[in-house]
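So the chains spell out like this:
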Amino acid sequence: MKFFRKILVVAALACVCVLGVGCAEKGAGDASANLSRYTIDAVFDDAAKTLTAVQSVEYVNNYDVELNDLYFHLYPAAYREGARFTPFNEGDAAGAFPNGKSYGGIEIKSVKVNGTAQTPEIGGQDEDILIVKFADCLMPTSRTTVEIEYAVKIPEARHRLGHYDGVVNLGNFYPVACVYENGEFKSDPYYSNGDPFYSQAANYDVSITAPIKYTAAMSGLSIVTDTKDTRKSSAMLLAARDFAVVLGEFKQKTTTADGAGVYYYYRDDVSPDVSLGIAAAALKTFNSMFGKYPYATLSVVQTPFLNSGMEYPGLVYVSDRESGEFYRDVIVHETAHQWWYGVVGNNQVENAWLDETLAEYSATLFYEANPDYGVDYGSRIADALTAYALFCDFFEENSDTSMNRRLPDFKTPHEYAMMTYTKGQVMMDSLRKTIGDGAFFAALKKYYDDNYLKIAAPDNLIGCFESAAKRDLSQFFATWIDGKVVTFNKY
Ligand SMILES: [Zn+2]
């Protein structure tokens, strides 16, 4: 996600404001062979603002343990009235609900395992986990089919899931399997800080039927079938860790970048070619800097959104509240997330800094590599350092400057943004100066290659830098990542 950096720079002490169809050229097709497959057939009722869906998951047990059950996140449950964990904190309510509070939710109507019905069991910390029991345990590498029927109520909200001003954001709208780790399914609720999502790469085949006025921007290129009143949009995306859709009456611009189709869906942009161009330029730059983007399309969608932007595989949100240089900055940051979060995944609850630091610093690298955009590398780093220094000064006595915290352990969204984006940028600049450009960029390429469509942990990233630099960097990273003391003399 992208928060409101301009506010941090201008007034650092203020509150944070926040495939083609089928496989790709490199890797995604090959990597998709043994992944679970989600087939979702959904219908959007525009009057009721509900989505009813039949979802079939051919689930592959890719763990080395037998599974007796399977947990699914029900992220839309966080939008319901009475939820203990809500997608945004109270301070953001006015921005999220311009027309007053609105609730959503998800109702699980039926569950079948290999064709046998079972009573839906809802659990988790906040009635936000669907628990599916297996009659016989699922052995490693074995598959089973779970069919789920559900209805999602979409709140009137400018959020990942929400409708507002004629646009319908369908982010995190469907039951997605929890990651199994250390003997349990990771079933964290929808924390308001950061992007509290964690999932394995899977194959997706998604169809959505909506009134014909809507264009569906989808993760993957949509194929459209129209009737008199409705439009069915279908898309496949292989080896992706999530899938999102945005419905709207959009204008479109299209180009290509290194063979990938780049699509820009917008309603109000006086220079759409510039917006499209920077997305294409970012895709090309990161292809050559880190490794090839695996999907055949990238869709950039201008949409009502509380924060500045949001990343999904093959599709990013850019808030229609942004404009000018910062709007383009959001496009670059969210595009960078295709590499960091999308292809190289990480537990965004435990190690949010991993993808946010890399996405934000990658945006700085983009401007350094593309000087025509007139954004100076040194100025961005200097701005980050100034903002971070002011934050630490202001909260002198109580500063916790550790970056590697669980999302709920950040006291405020401001502190979260400072540690994962801003301090992270300064850290990466310091690291690059410490080990030199050769080792620095070789390490990023190795990190991308080694963790391609997998889940990385901080030690994977640190190991790549140590390997490339041929030196122990544990103390360097410990100081930056875990350091709770403000140590400006080190900069
Ligand atoms: Zn981000």
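First, a word on scope: everything that follows refers to the structure included in this document. Quick caveat: nothing in here was measured; it's all calculated off a predicted structure. (Residues numbered from 1 in each chain as written. Predicted model: local features only at pLDDT ≥ 70, side-chain atom pairs only at ≥ 80, totals over all residues.)

Thoughts on the packing of helix 4 (residues 272-289) against helix 5 (residues 324-336)
One can describe the packing of helix 4 onto helix 5 by two numbers: an axis separation of 9 Å at closest approach and a directional angle of 35 degrees. In this structure, helix 4 crosses over helix 5, and the sense of that crossing is right-handed. Taken together, the residues of helix 5 that come into contact with helix 4 (itself represented by Val 274, Ser 275, Ile 278, Ala 279, Ala 282, Leu 283 and Phe 286) are Arg 328, Ile 331, Val 332, Thr 335 and Ala 336. Looking at the contact of helix 4 with helix 5 residue by residue, the class counts come to nine nonpolar, two polar and one charged. (Axes fitted to C-alpha atoms, helices over the stretch in contact; angles between N-to-C directions. Helix = DSSP H or I, 4+ residues; strand = E, 2+ residues; numbered from the N terminus. Left-handed = near helix turned anticlockwise from the far one by under 90°. Contact = placed C-beta atoms within 7 Å. Nonpolar A, V, L, I, M, F, W, Y, C, P; charged D, E, K, R; others polar.)

Digging into the packing of helix 7 (residues 377-394) against helix 8 (residues 413-435)
Relative orientation of the contacting elements helix 7 and helix 8 amounts to 125 degrees, with a least axis distance of 9 Å. Relative to helix 8, the element helix 7 is oriented oblique. Helix 7 and helix 8 meet at a crossing whose hand is left-handed. Taking contact as the criterion, the partners of Ile 381, Ala 384, Leu 385, Ala 387, Tyr 388 and Phe 391 in helix 7 are, on helix 8, Met 418, Thr 422, Lys 423, Gln 425, Val 426 and Asp 429. Taken together, the residues of the contact of helix 7 with helix 8 break down into eight nonpolar, two polar and two charged. (Parallel < 35°, antiparallel > 145°, perpendicular 65-115°, else oblique.)

Structural notes on the sheet that holds strand 20 (residues 260-266)
The strand order across the open sheet formed by five strands is 19-20-21-23-22, and the pairing between neighbours is mixed. Unpaired on one side and paired on the other, strand 19 (251-257) and strand 22 (309-312) mark the two borders of the sheet. Between one strand and the next, the sheet's axes are offset by a mean angle of 15 degrees, whatever the strand orientation. By the bridge criterion, seven bridges tie strand 19 to strand 20 in an arrangement that is antiparallel. Pairing of Ala 257 across the sheet is with Ala 260, part of strand 20. Contacts between helix 4 and the sheet are confined to strand 19, strand 20 and strand 21 (297-303), with strand 20 contributing the most and set at about 145 degrees to the helix. Of the strands in this sheet, strand 21, strand 22 and strand 23 (315-319) are in contact with helix 5, which crosses strand 23 at around 155 degrees. (Pairing = 2+ DSSP bridges.)

Concerning the sheet that holds strand 6 (residues 121-123)
Pairing in this open sheet of four strands is antiparallel, and the strands run 6-7-3-11 from one edge to the other. Every interior strand has two partners, whereas the edge strands, strand 6 and strand 11 (176-177), have only one. Summarising the sheet, strand 3 (residues 67-73) and strand 11 pair through two bridges and their orientation is antiparallel. Its bridge partner being in strand 11, His 73 is matched across the sheet by Val 176.

Comments concerning the pairing of strand 18 (residues 245-248)
Judged by which residues are buried, strand 18 turns out to be covered on both faces: Val 245 and Leu 247 on one side and Val 246 and Gly 248 on the other are all buried. Where strand 10 (residues 167-170) and strand 18 come together, three bridges link them in antiparallel fashion. Note on strand 18: the bridge partner recorded for Asn 169 is Val 246. When strand 15 (residues 215-218) meets strand 18, the two strands line up antiparallel, connected through four bridges. Note on strand 18: the bridge partner recorded for Ala 216 is Leu 247. (Buried ≥ 20, exposed ≤ 12 C-beta atoms within 10 Å, placed from the backbone.)

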